[in-house]
Amino acid sequence: MPEEVRLDRASQPLSGTAVTFHIVSTAFFTFICYLAIGIPLAVLPGYVHTDLGYSSVLAGLAISMQYLATLLSRPFAGRMADSVGPKTAVLRGLAGCSVSGVFLLAAGFFPQIPALSLAILLIGRLVLGCGESMVGTGAITWGIGRVGAQHTARMISWNGIATYGALAIGAPLGVVINHAWGLAAVGATVTVLSLGGFLLARLKAATAVVRGEHLPFQHVLRKVFPHGMGLALGSIGFGSIATFITLFYASHQWPNAAFSLTLFGTFFVGARLLFASTISRFGGFRVAIICFSVEALGLLLLWQAGSPALALVGASLTGFGFALIFPALGVEAVNLVPANNRGSALGAYSVFLDLALGVTGPLAGLIVSQFGYPEVFLFAAVASLAAVALTVSMYRRAQPASSTAVPG
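Cut-off values and rules
- Residues numbered from 1 in each chain as written.
- Predicted model: local features only at pLDDT ≥ 70, side-chain atom pairs only at ≥ 80, totals over all residues.
- Heavy atoms only, no water.
- Helix = DSSP H or I, 4+ residues; strand = E, 2+ residues; numbered from the N terminus.
- Rg over C-alpha atoms; globule rule 2.2 N^0.38 Å.
- Contact = heavy atoms within 4.5 Å.
- Areas by Shrake-Rupley, 256 points an atom, 1.4 Å probe, with all protein chains shown as cover.
- Buried < 20%, exposed > 50% of the residue type's maximum accessible area, 1.4 Å probe, protein only.
- Axes fitted to C-alpha atoms, helices over the stretch in contact; angles between N-to-C directions.
- Parallel < 35°, antiparallel > 145°, perpendicular 65-115°, else oblique.
- Left-handed = near helix turned anticlockwise from the far one by under 90°.
- Core = buried A, V, L, I, M, F, W, Y, C linked by side-chain atoms within 4.5 Å.
- Expected span 1.5 Å × (residues − 1).
- Bend = angle between axes of the 7 residues up to and from the residue.
- Disulfide = S-S within 2.5 Å.
- Phe/Tyr/Trp six-rings, centres within 6.5 Å; stacked < 30°, edge-to-face > 60°.
- Patch = residues over 30% accessible without salt bridge, like charges linked within 9 Å, V, L, I, M, F, W, Y side chains within 5 Å.
- Salt bridge = Lys/Arg side-chain N within 4 Å of Asp/Glu carboxyl O.
- pLDDT = per-residue confidence, 0-100.

Engineer: Tell me about the overall build of the protein chain, residues and numbers included.
Structural biologist: The helix and strand tally for the protein chain stands at 16 helices and zero strands. For 408 residues, the compact-globule estimate of 2.2 N^0.38 gives 22 Å, and the C-alpha radius of gyration of the protein chain, at 20 Å, lies within 12% of that figure. C-alpha atoms of the protein chain, sized along the principal axes, occupy 55 × 45 × 35 Å. Within the protein chain, contacts between residues separated by at least 24 positions form 86% of all contacts whose residues are at least 6 apart in sequence. Of the roughly 15400 Å² of accessible surface on the protein chain, a fraction of 70% belongs to carbon and sulfur atoms.

Engineer: If you had to explain unusual backbone geometry to someone new, which residues and values would you point to?
Structural biologist: A positive phi angle, near 60 degrees, is found at Gln-253, a position not held by glycine. Secondary-structure assignment places Gln-253 in the loop between α9 (217-252) and α10 (257-275). Using a relative accessible area of 74% as the deciding quantity, one classes Gln-253 as exposed. At Asn-256, a residue that is not glycine, the phi angle is positive and equals roughly 60 degrees. Mapped onto the elements, Asn-256 comes out in the loop between α9 and α10. The class of Asn-256 is exposed, set by a relative accessible area of 60%.

Engineer: Tell me what's going on with the packing of helix α12 (residues 284-303) against helix α14 (residues 325-334), and back it up with residues and numbers.
Structural biologist: The N-to-C vectors of α12 and α14 enclose an angle of 155 degrees; their axes lie 8 Å apart at closest approach. Relative to α14, α12 is oriented roughly antiparallel. Considering how the two elements wind past one another, α12 and α14 form a crossing that is left-handed. Only Ile-325, Ala-328, Leu-329 and Glu-332 of α14 make contact with α12, whose side of the interface consists of Gly-284, Phe-285, Val-287, Ala-288, Cys-291, Phe-292 and Glu-295.

Engineer: How would you summarise the nonpolar core if you had to cite specific residues and measurements?
Structural biologist: Counting residues in hydrophobic clusters, the biggest one holds 123 residues, and the most contacted among them are Phe-238 and Phe-248. For this core, the leading source of residues is α9, giving 14 residues. Residues contacting Phe-248, with those up to four places away along its chain left out, are Trp-254, Leu-302, Ala-311, Tyr-373, Pro-374 and Phe-377.

Engineer: Before we move on, could you go through the environment of Val-43 and cite the residues and values that matter?
Structural biologist: By the secondary structure assignment, Val-43 is in the loop between α2 (16-38) and α3 (44-51). Between the C-alpha atom of Val-43 and that of Gly-174, which follows or precedes it by 131 residues, the distance is 6.7 Å.

Engineer: I'd love a proper account of helix α15 (residues 342-371), names of residues and values included.
Structural biologist: For α15, which comprises 30 residues, the first-to-last C-alpha distance of 42 Å matches the rise-based estimate of 44 Å (1.5 Å per residue) to within 8%. Taking the largest bend as the criterion, α15 deviates by roughly 35 degrees, centred on Thr-360, and proline Pro-362 comes between one and four positions later. Among the 30 residues that make up α15, 22 are buried, leaving the element largely enclosed by the rest of the structure. Following α15 by one or two positions, Gly-372 has its phi on the positive side, about 115 degrees.

Engineer: For the state of the cysteines, give the residues involved together with the corresponding values.
Structural biologist: Counted by the stated rule, this structure contains zero disulfides. Cys-33 forms no disulfide, and the closest cysteine sulfur to it belongs to Cys-97, at a distance of 3.7 Å. Residue classification places Cys-33 among the buried positions, given a relative accessible area of 0%.

Engineer: Go over the packing of aromatic side chains, please, and point to the residues and values.
Structural biologist: Tallied over the entire structure, the rule returns 15 aromatic pairs. With a centroid separation of 5.5 Å and an interplanar angle of 25 degrees, the aromatic rings of Phe-238 and Phe-264 are classed as stacked. With Phe-238 in helix α9 and Phe-264 in helix α10, the pair connects residues that are 26 residues apart, well separated along the chain. The exposure class assigned to Phe-264 is buried, which follows from its relative accessible area of 3%. Relative to Phe-322, the ring of Phe-268 has its centre 6.2 Å away and its plane inclined at 50 degrees; by these criteria the two rings are tilted. Of the two residues, Phe-268 is situated in helix α10 and Phe-322 in helix α13 (residues 308-322); the sequence distance between them amounts to 54 residues.

Engineer: So what about the environment of Thr-266? Which residues, and what values?
Structural biologist: Looking at the element boundaries, Thr-266 is found in helix α10. Look at Thr-266 and you get partly exposed, because its relative accessible area is 42%. Considering only alpha carbons, one finds Thr-266 and Leu-317, 51 residues apart in sequence, at a separation of 11 Å.

Engineer: Lay out the packing of α15 against helix α16 (residues 374-398) with the relevant residues and their values.
Structural biologist: The geometry of α15 relative to α16 is characterised by a closest axis approach of 8 Å and an angle of 130 degrees between their N-to-C directions. Taken as axis vectors, α15 and α16 run oblique relative to one another. α15 and α16 meet at a crossing whose hand is right-handed. For the pair α15 and α16, contact is made by Leu-363, Ala-364, Ile-367, Val-368 and Phe-371 and by Glu-375, Val-376 and Phe-379, respectively.

Engineer: Report on a nonpolar patch on the surface, specifying residues and quantitative values.
Structural biologist: A contiguous nonpolar patch, built from Leu-355, Val-359, Leu-363 and Leu-366 and spanning about 320 Å² of accessible area, is present on the exposed surface. Note that Leu-363 resides in helix α15.

Engineer: Give a description of the confidence of the model for the protein chain that names residues and reports values.
Structural biologist: In low-pLDDT segments, the atomic positions of the prediction should not be examined closely. Across the protein chain, pLDDT averages 86, with 94% of residues at or above 70. Here residues 1-11 scores under 50 on pLDDT; set against residues more than four positions off or in separate chains, the count is 12 contacts. Contacts for the low-pLDDT stretch residues 401-408, under 50 throughout, to residues beyond four places or in other chains number 21 contacts.

Structural data, given as structure tokens:
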């Protein structure tokens, strides 16, 4: 069946059940991608720092290399989704995730040669980062193309549910696999899961490429810059937890560090499921202001946590607050460009998430080396409060214009 025919059918009104099915079935590929990311997430900092004997800065770098690669490949991924189709972007991204698992498997065979093991691991992280950018941008664009722009907020929200739901499942799963069979088994699991996702994605119908003038990426980037900066400031909290929560727990000799990542992801998913509709009801800016404030409170609790129970509350609140930041500001950002530049807008907007996560690891490692683990979360809380001020400013500037919230 020609791609254009599929697009015509997709443009017809869909029932609520059909919309939900297309959104969830497309977000599933994001879920697979982030399982590949989440499974090694709680394992790698300890492997680099403890097993290989490198510093906390290099442990942070091992995580952040993925985000750096994602950052650098976002423009390419967005243009790919716009020019050759989002399905192609998703397929190539899942293939990259599978290859990254092969590198992780290989790194697990050389712990006795730390430099070689670390080098292989970092290459795999770079490949995984490229795969993440293609799947992340492609899946959202694919879903919007199938259900219509009026469901942008829902598609972005469900993509995030898939993302952090996978992280919540993947982190403890990776710890169990690593404890039982080692890092090589972690890599093998990532490879098999990603290949399975690739084969399933091949079976799903594509949407036609939307024709029209493609704006230069720099032009799109300028349009979404304020929204992206807010996203970046709010993402530092997630980056701090993802990179250093396991070592933070270890410094206090607390057990079950991976459970804090599970709670972060669980509360993230819960907030997306319960409150995603608030974006269309109240507007992205107002929702983002509240979310940044809740995230800051959670990070302050982590900073002052004197017990694992209080740390779990802090991680939960941080996940709850962070949940709607991406879709809330993302809806406002995507509406600034024509439909045929939607992938580029998502790519440009997501660049700021990647930038924040890429910088957070090494910067937080420096903070740890100078002040200790709790101060990492204080730094992240200050960034969230700065995001509140920035979003208030954007909201005030947008007041003379008509509301840009997309009905969900």
